[in-house]
Amino acid sequence: MLRKKYIVKPNVQWKYLIILAAVMMICAILCYYAFLTSLQNAPGMDQLSAGTVKNFKRAYTSGFFWIIFVFVVFVLIQSIFYFHRIIGPLFFFEKVMKKLSEGNFAIRMHWRKKDETKDLANLIGQVIHNTKASVLDDRKKIKEVVEAIDAGNKDKAKEILSTVTKWCKTETLSEDKRE
């Protein structure tokens with residue numbers, strides 16, 4: 001199951017792209033006015049004619065606009081690929097968790113080389129493996145318990161049942177309320 005779509009969670013990805021674009025535009029406007037003000041107040045600017053200053057402002061504005069436009073487009077396109085490395089795996093994890101919540105443990109975790117969530121994928125994969133192994137072990141023990149009960153050996157059945165799901169740590173309801 002390879003993930004090839006770059007926009008897998010459109011609402012989330014567009015939201016972050018819009019926020020990034022807004023931050024970049026605000027920074028660009030602040031830089032524009034800061035540089036324009038410092039250039040206008042530079043020594044010798046008062047000796048230029050009004051037409052020269054007007055042409056200078058027009059050239060500065062045009063050049064600044066194109067540089068910022070190219071920069072913003074580049075960063076936004078690059079961000080789509082970067083967000084894909086983060087949001088794509090999160091989308092995949094949501095699908096995995098949905099299948100797990102439905103009781104389907106026949107899932108394998110995989111990731112792409114450039115995904116930013118390899119450690120999380122490994123941990124989720126370990127959880128799936130450990131849970132699946134525990135369930136299979138418990139099923140085997142329950143089968144042994146049934147056989148022990150059928151043979152009339154209640155003590156052996158109790159002993160086997162005492163080892164069922166020992167690796168899983170849970171708290172009682174009363175302990176949850178105290179916290």
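Look up: the structure comes first, before these words.
Only a predicted model underlies this, so the values are computations on that prediction, with no experimental measurement involved. (Residues numbered from 1 in each chain as written. Predicted model: local features only at pLDDT ≥ 70, side-chain atom pairs only at ≥ 80, totals over all residues. Heavy atoms only, no water.)

**Here we look at the overall build of the protein chain**
When helices and strands are counted, the protein chain shows 5 helices and 0 strands. Ordered by position in the sequence, the α and β elements of the protein chain form the string α-α-α-α-α. Residue burial in the protein chain is summarised as follows: out of 179 residues, 23% are buried. For the protein chain, the accessible surface area stands at approximately 13,600 Å², while carbon and sulfur atoms represent 64% of it. (Helix = DSSP H or I, 4+ residues; strand = E, 2+ residues; numbered from the N terminus. Buried < 20%, exposed > 50% of the residue type's maximum accessible area, 1.4 Å probe, protein only. Areas by Shrake-Rupley, 256 points an atom, 1.4 Å probe, with all protein chains shown as cover.)

**Side note on the packing of helix 1 (residues 10-40) against helix 2 (residues 50-101)**
Packing of helix 1 against helix 2 leaves a shortest axis separation of 10 Å and a crossing angle of 155°. When the interaxial angle is binned, helix 1 and helix 2 end up roughly antiparallel. Handedness of the crossing formed by helix 1 with helix 2: right-handed. Grouping the amino acids of the contact of helix 1 with helix 2 by side-chain chemistry returns 24 nonpolar, 5 polar and 1 charged. (Axes fitted to C-alpha atoms, helices over the stretch in contact; angles between N-to-C directions. Parallel < 35°, antiparallel > 145°, perpendicular 65-115°, else oblique. Left-handed = near helix turned anticlockwise from the far one by under 90°. Nonpolar A, V, L, I, M, F, W, Y, C, P; charged D, E, K, R; others polar.)

**Some details on the pattern of salt bridges**
By the definition in use, this model includes 2 salt bridges. Ionic pairing is found between Glu102 and Lys98, a salt bridge with its closest N-O pair at 2.9 Å. Judged by relative accessible area, Glu102 falls into the exposed class, the value being 56%. Its salt-bridge partner being Asp137, residue Lys141 comes within 3.2 Å of it at the nearest N-O pair. Of the two residues, Lys141 and Asp137 are both situated in helix 3 (residues 118-150); the distance of 4 residues between them amounts to about one turn of the helix. Overall, Lys141 belongs to the buried group, its relative accessible area being 16%. (Salt bridge = Lys/Arg side-chain N within 4 Å of Asp/Glu carboxyl O.)

**As for a nonpolar patch on the surface**
A cluster of nonpolar side chains, contributed by Phe65, Trp66, Phe69, Val70, Val73, Ile77 and Phe81, occupies part of the molecular surface with about 670 Å² of accessible area. One can find Phe65 in helix 2. Relative accessible area serves as the criterion here: at 47%, Phe65 is assigned to the partly exposed category. (Patch = residues over 30% accessible without salt bridge, like charges linked within 9 Å, V, L, I, M, F, W, Y side chains within 5 Å.)

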